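Residues per chain are reported as follows:
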Amino acid sequence: MSSHQKWNWMQEELKQLEQKSQLRSLHETTILENGWILRDGKKMLNLASNDYLGLSERLNRSNLTALIEEEERISSSLRFGSTASRLIVGNDPIYRELETEFASFKGTEDSLVFSSGYMANIGVMSTVVGRKDVVFSDRLNHASIVDGIILSRAEHKRFRHRDVEHLEHLLKKADPNRKKLIVTDSIFSMDGSVAPLKQLVELKNKYGAMLMVDEAHSGGIYGEKGQGLVHALGLTDEVDILMGTFSKAYGCYGAYIAGDSVLIQYLMNKARSFIFTTALPPVNIAAIQRNWSRIQAEGWRQKSLLEKSDWFKQQLQSRGFNTGESESQIIPLIVGDNKKTMEFSALLQEKGVAAVAVRPPTVPEGTARIRFTIMSLHQDYDLERALVLIDEIGECLKVKK
Ligand code: PMP
């Protein structure tokens, strides 16, 4: 068999994906100033970034100097590389410093850094629940939560998106003696909708379940100093496991779990995605610390992001587009059909707007969409120009309600 023939079955599956307009590919992207990018050599307004506050800066003399100052402050050497896992010899002092300070910022006893949000979610889910337990998970939770549940081998009960009545129905039916975990995104990554956190707390108390909240898209943005939505709602003490990332509003990379000391100690001992992986490079941790202090000091970033997001969403709605249940900086324009969504996104890109088409299986069948995300750095006139283009394309493709 030639090496080519060997992969016939893969080629067949890829062809099928292409026929369903579900084939993915990589595009070379360079980040420019003020929310612009170069994508495959073409300049576009970036309406597809998770760097909501514009903190993922280009390396320059000033931020390098800030990192070197950080090194002097912490009096340890800021290394670009890692040497081992945290539990072997990779536990640079900068880790515990961040974890302790970050826990007091979040209002929890302790916190633990993971290499990414994906690793944090699969690590926690597969550790705190097991074969005999049951997880109640919002149907639109992030893929990393779903993968974590699969790894845990716990029973997976999916409740309809933000539907607390459906959740209660499932909780009522569950064996009261089984360990139960309710898990939800705080802001849903493909919908921009907000979880009914207060009601979830009531239900977790009523049915003796644990509650885990993924603050990937609300950390750094909501709350007085960016502590997140759970903190802003005064629910920190009610949420058993708080997860968030440093890869979105924080403009860096990495993630954290915040909670009681015993939970953190347990994860350190049991979470395989913490134990069996190399520690993030210390310089990455210093960059998180720097951006985190800017989040606290430069409140105009959050304010501007939320104002621009509200305005952009209202403008789309007033033009007759369906923005679903978005209440945040993530704004979907729901098209429905996969092919039409691809066409929409291709036309937008042709005209200089990068907004990614999101199709099943990332979102439920029949709800393919363009996912817009706003950045605090976007200029009003750039957003206005983008709206005119979106309007023209929507009219042409008959996407409006
Ligand atoms: N949770 C949610 C809700 C997310 O949107 C994401 C990233 N898209 C993750 C977890 C994973 O985080 P990371 O990108 O840091 O792995």
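Residues numbered from 1 in each chain as written. Predicted model: local features only at pLDDT ≥ 70, side-chain atom pairs only at ≥ 80, totals over all residues. Heavy atoms only, no water.

### Examining the site of the ligand
Here is step 1 of the chain: As a matter of local geometry, the ligand sits amid 14 residues, with Gly117, Tyr118, Asp214, His217 and Lys248 nearest to it.
Here is step 2 of the chain: Within the backbone of tyrosine 118, an N or O atom sits 2.9 Å from an oxygen atom of the ligand.
Here is step 3 of the chain: Interatomic distance of 2.6 Å between a side-chain N/O atom of aspartate 214 and a nitrogen atom of the ligand.
Here is step 4 of the chain: Of all the elements, helix α5 (residues 117-128) adds the most residues to the shell around the ligand, at three residues.
Here is step 5 of the chain: Residue classes in the shell around the ligand are distributed as two nonpolar, nine polar and three charged. (Near = heavy atom within 4 Å. Polar contact = N/O pair within 3.5 Å; in protein donor to acceptor, adjacent residues only side chain to side chain. Helix = DSSP H or I, 4+ residues; strand = E, 2+ residues; numbered from the N terminus. Nonpolar A, V, L, I, M, F, W, Y, C, P; charged D, E, K, R; others polar.)

### Here we look at the nonpolar core
Across soluble globular proteins, nonpolar side chains have a tendency to be buried as a group.
Here is step 1 of the chain: In this structure, Leu47, Phe312, Leu333, Phe344 and Phe372 are the most contacted members of the largest nonpolar core, which totals 81 residues.
Here is step 2 of the chain: Per-element tally for this core: the top contributor is helix α15 (residues 380-397), with seven residues.
Here is step 3 of the chain: Two domains each put at least three residues into this core: domain 1 (22-51 + 299-397) and domain 2 (61-297).
Here is step 4 of the chain: Excluding its chain neighbours within four sequence positions, the residues that come into contact with phenylalanine 344 are Phe321, Leu333, Val335, Ile370, Ile390, Ile393, Gly394, Leu397 and Val399.
Here is step 5 of the chain: Val129, Ile241, Ile264 and Ile275 belong to the second largest nonpolar core, which has 24 residues in total. (Core = buried A, V, L, I, M, F, W, Y, C linked by side-chain atoms within 4.5 Å. Buried < 20%, exposed > 50% of the residue type's maximum accessible area, 1.4 Å probe, protein only. Domains from an automatic or database assignment. Contact = heavy atoms within 4.5 Å.)

### Quick word on the side chain of aspartate 382
Here is step 1 of the chain: Structurally, aspartate 382 can be placed in helix α15.
Here is step 2 of the chain: There is no salt bridge for the buried aspartate 382, and the closest opposite charge comes from arginine 385, which lies 5.5 Å off by N-O distance.
Here is step 3 of the chain: Sequence-distant contacts of aspartate 382, that is, excluding residues within four places in its chain, are made with Trp36 and Leu45. (Lys, Arg positive; Asp, Glu negative; His and termini not counted. Salt bridge = Lys/Arg side-chain N within 4 Å of Asp/Glu carboxyl O.)

### Some details on the sheet that holds strand β14 (residues 368-373)
Here is step 1 of the chain: Strands sit in the order β11-β14-β13 across an open sheet of three strands; the sheet is antiparallel. Only two strands of the sheet have a single partner each, and these edge strands are β11 (330-336) and β13 (356-358). Between one strand axis and the next, the sheet turns by 30° as a mean value, whatever way the strands run.
Here is step 2 of the chain: Pairing analysis gives three bridges linking β13 to β14, with the strands arranged antiparallel. Looking at β14, one finds that alanine 357 is bridged to isoleucine 370.
Here is step 3 of the chain: Along the sheet face, helix α13 (residues 300-318) touches β11 and β14 and points at about 20° away from the line of β11. (Pairing = 2+ DSSP bridges. Axes fitted to C-alpha atoms, helices over the stretch in contact; angles between N-to-C directions.)

### Details of the domain arrangement of the protein chain
Here is step 1 of the chain: Per the domain assignment, the segments of the protein chain are domain 1 (22-51 + 299-397) and domain 2 (61-297).
Here is step 2 of the chain: Domain 1 puts 20 residues into the contact, and the matching count from domain 2 is 24 residues.
Here is step 3 of the chain: Interface area, domain 1 with domain 2, both sides summed: about 1,700 Å², of which 49% is carbon and sulfur.
Here is step 4 of the chain: Three residues stand out in domain 1 for area buried against domain 2, namely Asn50, Gln302 and Glu325, and they jointly supply 28% of the buried area on that side.
Here is step 5 of the chain: Applying the counting criterion to the domain 1 and domain 2 interface returns three salt bridges.
Here is step 6 of the chain: Of the charged contacts in the structure, one is a salt bridge between arginine 162 and glutamate 325, with a shortest N-O distance of 3.2 Å.
Here is step 7 of the chain: The interface formed by domain 1 and domain 2 holds eleven residue pairs in polar contact (both at pLDDT 80 or more) in total.
Here is step 8 of the chain: In terms of residues, the side of domain 1 that touches domain 2 owes the most to one element, α13, which gives four residues. (Buried area = accessible area lost by both parts, 1.4 Å probe.)

### Let's talk about the packing of aromatic side chains
Think of a pair of aromatic rings as described by two things: how far the centres are apart, and how the planes are tilted against each other in angle.
Here is step 1 of the chain: For the structure shown, the criterion picks out eleven aromatic pairs.
Here is step 2 of the chain: Both rings, one in phenylalanine 102 and one in phenylalanine 105, keep their centres 5.6 Å apart while their planes meet at 45°; by these two values the pair is tilted. Residue phenylalanine 102 and its partner phenylalanine 105 are both found in helix α4 (residues 93-106); the two are separated by three residues, about one turn of the helix. Residue phenylalanine 102 shares its accessibility class with phenylalanine 105, and that shared class is buried. (Phe/Tyr/Trp six-rings, centres within 6.5 Å; stacked < 30°, edge-to-face > 60°.)

### Topic: the packing of helix α3 (residues 61-74) against helix α12 (residues 282-297)
Here is step 1 of the chain: Following both chains from N to C, one finds α3 and α12 inclined at 100°, their axes separated by 10 Å at the closest point. In terms of orientation, α3 lies roughly perpendicular with respect to α12. Residues Asn63, Ala66, Leu67, Glu70 and Arg73 of α3 pack against Val283, Ala286, Ala287, Gln289 and Arg290 of α12. (Parallel < 35°, antiparallel > 145°, perpendicular 65-115°, else oblique.)

### Focus on α3
Residues three or four positions apart in an α-helix share a direction because the helix packs 3.6 residues into each turn.
Here is step 1 of the chain: With 14 residues, α3 extends 20 Å between its outermost C-alpha atoms, agreeing within 8% with the 20 Å of an ideal straight helix rising 1.5 Å per residue.
Here is step 2 of the chain: Those residues of α3 that sit buried are Asn63, Ala66, Leu67, Glu70 and Ile74. Taken end-on, α3 shows its buried residues confined to a sector of 100°, consistent with a single buried face. Turned more than 90 degrees away from the buried face of α3 sit Arg61, Ser62 and Glu72, all of them exposed.
Here is step 3 of the chain: Where α3 is buried, its residues meet α4 and α12.
Here is step 4 of the chain: Where α3 starts, the residue carrying a side-chain oxygen 3.1 Å from the main-chain nitrogen of serine 62 turns out to be asparagine 60. (Expected span 1.5 Å × (residues − 1). Arc of directions from axis to C-beta.)

### Re the packing of helix α7 (residues 164-173) against helix α8 (residues 197-206)
Here is step 1 of the chain: Two elements in contact, α7 and α8, have axes separated by 11 Å at closest approach and are oriented at 10°. In terms of axis orientation, α7 runs roughly parallel to α8. Mapping the contact onto sequence places Val164, Leu167, Glu168 and Leu171 in α7 and Gln199, Leu200, Leu203 and Lys206 in α8.
Here is step 2 of the chain: Its residues placed into classes, the contact of α7 with α8 shows five nonpolar, one polar and two charged.

### So, the sheet that holds strand β12 (residues 353-354)
Here is step 1 of the chain: Strands sit in the order β1-β2-β3-β12 across an open sheet of four strands; the sheet is mixed. Whereas interior strands pair on both sides, the edge strands pair on one side only; in this sheet they are β1 (29-31) and β12.
Here is step 2 of the chain: Examined bridge by bridge, strand β2 (residues 36-39) and strand β3 (residues 42-46) share four bridges and lie antiparallel to one another. Bridge pairing in β3 places tryptophan 36 opposite leucine 45.
Here is step 3 of the chain: Along the sheet, α15 makes contact with β2, β3 and β12, crossing β3 at roughly 100°.

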